[in-house]
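Residue-level structure breakdown
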Amino acid sequence: MSISHNIQFFKANLPEQVQLVCVSKFHPISALQEAYDVGQRIFGESKVQELTEKQELLPNDIEWHFIGHLQTNKIKYLVPFVHMIHGVDSGKLLFEINKEAKKAGRIVNCLLQVHIAQEETKFGFSKEELLEFISSDELQNLENVTICGLMGMASNTDDLAKVRNEFHGLKVLFDKLKSTVFSAQNSFKELSIGMSGDYETAIEEGSTLVRIGSAIFGPRLY
Ligand SMILES: *Cc1c(COP(=O)(O)O)cnc(C)c1O
């Protein structure tokens, strides 16, 4: 199936409350252009340099989402244009994004990443850490970031019951935060869960942003 066909498939089949983040990492400009030409405007990348290079070459109305693990020394390259940073996995990173965004005169949308998988290699706050962080006073002073919701990656397994369980736990946490700490903030509304192998489960569990790469572009050649 072609890239344009796959984009059209997702546009036709995703429920209206779910947005498609087209994960284009490792794919060439021509592949992104093909997706763009059938109307795709949200793209996700996981390497800062790759993202900035692509951003320079592609149209300005693309919403760029950074979905990788962000190092503090690279934040400055993203803040001038990035639409959303999905993987904010520490307070330190959020404070640094705020600092750089202030310098750039922008307000940057962020999602807090929660560690829901069993694999040790994945990043993110534990639920306990997140609850503690969210209630700290320091958070009140961050004027150049908007916390738009949560992001998580399920275990890399074929066991969809396990994946569902992990997504469900994150949704419960999301709802709890939305009705308490963030109850006054309409901007806290995104739940970024679901990739090519598990997006259907993620949508059933309340995803609002699915991050899909290989189901659109085919396998990545590393
Ligand atoms: C690469 C990546 C994806 C897309 O994965 P696919 O399985 O190709 O859909 C989604 N989220 C993150 C954080 C990624 O790094």
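As a reminder, the structure under discussion sits directly above these lines.
The following paragraphs examine the structure supplied in this document. Every chain is numbered independently, its residues counted from 1 as its sequence is written. Selection of residues for local features in this predicted model requires a pLDDT of at least 70, selection of side-chain atom pairs for listing and counting requires 80 or more, and totals for whole chains, interfaces and linings are taken over all residues. Only hydrogens and water are set aside; all other atoms, that is, all heavy atoms of the structure, feed into the side-chain values.

Thoughts on the packing of aromatic side chains
For clarity, the cut-off: Any two of the Phe, Tyr and Trp rings considered here, Trp counted by its six-membered ring, make a pair once their centres fall within 6.5 Å; the pair's planes then place it as stacked at under 30 degrees, edge-to-face at over 60, or tilted in between. For the purposes of this entry, the term helix denotes a DSSP run of H or I that reaches at least four residues, the term strand denotes a run of E that reaches at least two, and both are numbered from the N terminus. Buried residues are those whose accessible area, probed at 1.4 Å on protein chains only, stays under 20% of the maximum for their type, while exposed residues exceed 50% and partly exposed ones sit between those limits. The rule for a charge over a ring is simple: NZ of Lys or CZ of Arg within 6 Å of the ring centre, and within 35 degrees of the ring normal.
Tallying each qualifying case throughout the model produces 7 aromatic pairs. Aromatic pair Phe9 and Phe10: ring centres 5.3 Å apart, planes at 80°, arrangement edge-to-face. Both rings, one in Phe95 and one in Phe133, keep their centres 6.1 Å apart while their planes meet at 65°; by these two values the pair is edge-to-face. On the criterion of sequence distance, the pair formed by Phe95 in helix 5 (residues 91-104) and Phe133 in helix 6 (residues 127-134) is long-range, its members being 38 residues apart. For Phe133, a relative accessible area of 11% corresponds to the buried category. Linked through ring pairs, Phe9, Phe10 and Tyr199 together constitute an aromatic cluster. Positioned over the ring face of Tyr36 is Arg41, at 3.5 Å from the centre of the ring.

Some points on the pairing of strand 4 (residues 84-88)
Just so we agree on the cut-off: In this analysis, strands are considered paired if DSSP registers two or more bridges between them. When the strands point away from the viewer and the path from the first strand over the helix to the second turns clockwise, the crossover is right-handed.
Within strand 4, 5 of the 5 residues are buried, which leaves it mostly tucked inside the rest of the structure. Both strand 3 (residues 63-66) and strand 4 contribute to a ladder of 2 bridges, which runs parallel. Bridging from a neighbouring strand, His65 pairs with Met84 of strand 4. Sheet topology note: the strand 4/strand 5 (residues 108-114) ladder contains 3 bridges and is parallel. Each bridged residue has a counterpart across the sheet, and for Ile85 the counterpart in strand 5 is Cys110. The β-α-β motif built from strand 4, the intervening helix 5 and the parallel element strand 5 has right-handed crossover chirality.

Looking at the layout of surface pockets
It is the rolling of a water-molecule-sized probe over the atoms that shows where space remains empty. What counts is decided by this rule: Cavities and pockets are defined on a 1 Å grid built over the protein atoms alone: a cavity is a set of grid points where a 1.4 Å probe fits but cannot escape, while a pocket is an open set with protein on both sides within 12 Å along at least five of seven lines, and lining residues are those with an atom within 4 Å of any such point. Grid points are joined across faces, edges and corners, and a volume is the space filled by probe spheres set on the points. Only Asp, Glu, Lys and Arg are considered charged, only Ala, Val, Leu, Ile, Met, Phe, Trp, Tyr, Cys and Pro nonpolar, and every remaining residue, Gly among them, polar.
Each pocket or cavity is described by its volume, and for the largest pocket that value is around 790 Å³. Mapped by element, the contributors of at least two residues to the lining of the largest pocket are helix 7 (160-179) and strand 8 (209-212). For the lining of the largest pocket, the residue count by class is 12 nonpolar, 12 polar and 7 charged. Volume-wise, the second largest pocket comes out at about 240 Å³. Surrounding the second largest pocket, Ile134, Leu139, Gln140, Leu142, Val145, Thr146, Ile147, Val181, Phe182, Gln185 and Ser187 form its lining. Take the lining of the second largest pocket: its biggest share by element is 3 residues, from strand 6 (residues 145-152). Grouping the amino acids of the lining of the second largest pocket by side-chain chemistry returns 7 nonpolar, 4 polar and no charged.

A short note on the packing of helix 6 against helix 7
Rules: Angles here are taken between N-to-C directions and fall from 0 to 180 degrees, while the axes themselves are lines fitted to C-alpha atoms, restricted in helices to the stretch in contact. Throughout this description, any angle smaller than 35 degrees is read as roughly parallel, any larger than 145 degrees as roughly antiparallel, any in the 65 to 115 degree range as roughly perpendicular, and the remainder as oblique. Left-handed is the label given to a crossing in which the near helix is rotated counterclockwise from the far helix by less than a right angle, and right-handed is the label when the rotation is clockwise. In this analysis, two residues are considered to be in contact whenever any of their non-hydrogen atoms come within 4.5 Å of each other.
Two numbers describe how helix 6 lies on helix 7: the axes approach to 12 Å, and their chain directions differ by 15°. Put simply, helix 6 runs roughly parallel to helix 7. Where helix 6 crosses over helix 7, the two elements pack in a sense that is right-handed. Residues Lys127, Leu130, Leu131 and Ile134 of helix 6 lie in contact with helix 7, whose contacting residues are Gly169, Leu170, Leu173, Lys176 and Leu177. Considering only residue class, the contact of helix 6 with helix 7 consists of 6 nonpolar, 1 polar and 2 charged.

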